[in-house]
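Chain by chain, the residues:
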Amino acid sequence: DWSSDVCSSDLLEPEDRTKGVYWRLYMNNLLPFIRLADLPEVERFEVDVCLNLFLPKSGLSLPAADLLPRRRAVVLHGQPAWTLGMADLLLDLCGHLYKEATTTWWIAAGKDLNLIKFCDVASYVAWAGDRLDWAEFAATVAGHGLQRPAHYALHFTNQLYPGTTPDAVLAAIAPADLGYLDQFGEVD
């Protein structure tokens with residue numbers, strides 16, 4: 001409910017031009033849309049519009065438009081909603097882990113290899129179980145050239161949580177040269 005009794009303002013205030021240009025060049029999503037709320041349990045509503053699963057300068061791409069045909073209808077808190085397909089959601093987790101593990105900003109901030117990111121991947125795979133179509137996942141990885149982020153995340157998750165990913169899947173999505181596993185800062 002976006003009525004005046006919930007939100008304190010109907011004003012839309014744009015960010016300054018410099019910040020907007022930076023986000024268009026370097027980020028894979030729009031600046032968040034934020035609306036303050038007048039609710040004790042909610043400070044603000046924030047909508048983050050993602051245009052691509054990968055950063056523009058990464059050389060990788062999986063645009064939101066390619067994800068839409070595989071989206072799933074779900075019910076959240078009694079309301080109909082959409083979510084990524086099962087394989088796409090795993091790829092999103094893998095891409096996020098890879099981006100933060102190999103980007104110098106995240107490394108310098110000490111937020112690159114947090115155990116929780118690997119736990120997220122392992123927990124998702126365990127939760128998804130047989131609903132996760134590994135063949136669809138591997139086909140999406142191959143079709144979009146996403147071997148590095150997918151393999152990186154699943155390779156290291158499998159080392160921390162053995163058996164997370166079937167060996168055949170790891171072999172199918174592995175790049176020819178595994179030297180990239182020890183590299184970082186490529187996007188930078």
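### Overview of the packing of aromatic side chains
Scanning the entire structure with this criterion turns up 5 aromatic pairs. Measuring from centroid to centroid gives 5.8 Å for tryptophan 134 and phenylalanine 137, while their planes differ by 85°, and the two rings are edge-to-face. Of the two residues, tryptophan 134 and phenylalanine 137 are both situated in helix α6 (residues 134-144); the distance of 3 residues between them amounts to about one turn of the helix. A residue is classified by how much of its surface remains accessible, and tryptophan 134, at 17% relative accessible area, is buried. Site record: aromatic cluster; members linked through ring pairs are Tyr98, Tyr152, Phe156 and Tyr180.

### Concerning the packing of helix α3 (residues 86-102) against α6
Running from amino to carboxyl end, α3 crosses α6 at an angle of 55°, the nearest separation of the two axes being 9 Å. When the axis of α3 is compared with that of α6, the two are oblique. For α3 against α6, the interelement crossing comes out right-handed. Contacts between α3 and α6 pair Ala87, Asp88, Leu90, Leu91 and Cys94 from the former with Trp134, Glu136, Phe137, Thr140 and Val141 from the latter. Tallied by class, the residues present in the contact of α3 with α6 amount to 7 nonpolar, 1 polar and 2 charged.

### Topic: the nonpolar core
Residues Leu90, Leu132, Trp134, Phe137 and Leu154 are the most contacted members of the largest nonpolar core, which totals 34 residues. Those elements that place two or more of their residues in this core are α3, α5 (115-128), α6, α7 (147-160) and α8 (167-173).

### So, unusual backbone geometry
Its identity is not glycine, yet histidine 77 carries a phi of approximately 50°, on the positive side. Structurally, histidine 77 is set in the loop between β3 (72-76) and β4 (79-83).

### Quick look at the environment of tyrosine 161
If you trace the backbone, tyrosine 161 turns up in the loop between α7 and α8. Judged by its relative accessible area of 28%, tyrosine 161 is partly exposed. The spacing of tyrosine 161 and proline 175 is 14 residues in sequence and 21 Å in space, taken between C-alpha atoms. Contact partners of tyrosine 161, with chain neighbours within four places excluded, come to Leu115, Phe118, Cys119 and Ala122.

### Looking at α3
With 17 residues, α3 extends 25 Å from end C-alpha to end C-alpha; this agrees with the ideal 24 Å at 1.5 Å per step. Among the 17 residues that make up α3, 12 are buried, leaving the element largely enclosed by the rest of the structure. Among all positions of α3, only Met86, Ala87, Asp88, Leu90, Leu91, Cys94, Gly95, Leu97, Tyr98, Glu100, Ala101 and Thr102 are buried. Buried residues along α3 sit in contact with α2 (64-67), β3, α4 (104-108), α5, α6 and α7.

### Things to note about the pattern of salt bridges
This model, assessed by the stated rule, comprises 4 salt bridges. Of the charged contacts in the structure, one is a salt bridge between arginine 44 and glutamate 46, with a shortest N-O distance of 3.1 Å. The exposure class of glutamate 46 is partly exposed, given its relative accessible area of 42%. Ionic pairing is found between lysine 117 and glutamate 100, a salt bridge with its closest N-O pair at 2.7 Å. One end of the pair, lysine 117, is in helix α5; the other, glutamate 100, is in helix α3, and 17 residues separate them in sequence. We note that lysine 117, like glutamate 100, is buried.

Conventions used here
- Residues numbered from 1 in each chain as written.
- Predicted model: local features only at pLDDT ≥ 70, side-chain atom pairs only at ≥ 80, totals over all residues.
- Heavy atoms only, no water.
- Phe/Tyr/Trp six-rings, centres within 6.5 Å; stacked < 30°, edge-to-face > 60°.
- Helix = DSSP H or I, 4+ residues; strand = E, 2+ residues; numbered from the N terminus.
- Buried < 20%, exposed > 50% of the residue type's maximum accessible area, 1.4 Å probe, protein only.
- Axes fitted to C-alpha atoms, helices over the stretch in contact; angles between N-to-C directions.
- Parallel < 35°, antiparallel > 145°, perpendicular 65-115°, else oblique.
- Left-handed = near helix turned anticlockwise from the far one by under 90°.
- Contact = heavy atoms within 4.5 Å.
- Nonpolar A, V, L, I, M, F, W, Y, C, P; charged D, E, K, R; others polar.
- Core = buried A, V, L, I, M, F, W, Y, C linked by side-chain atoms within 4.5 Å.
- Expected span 1.5 Å × (residues − 1).
- Salt bridge = Lys/Arg side-chain N within 4 Å of Asp/Glu carboxyl O.

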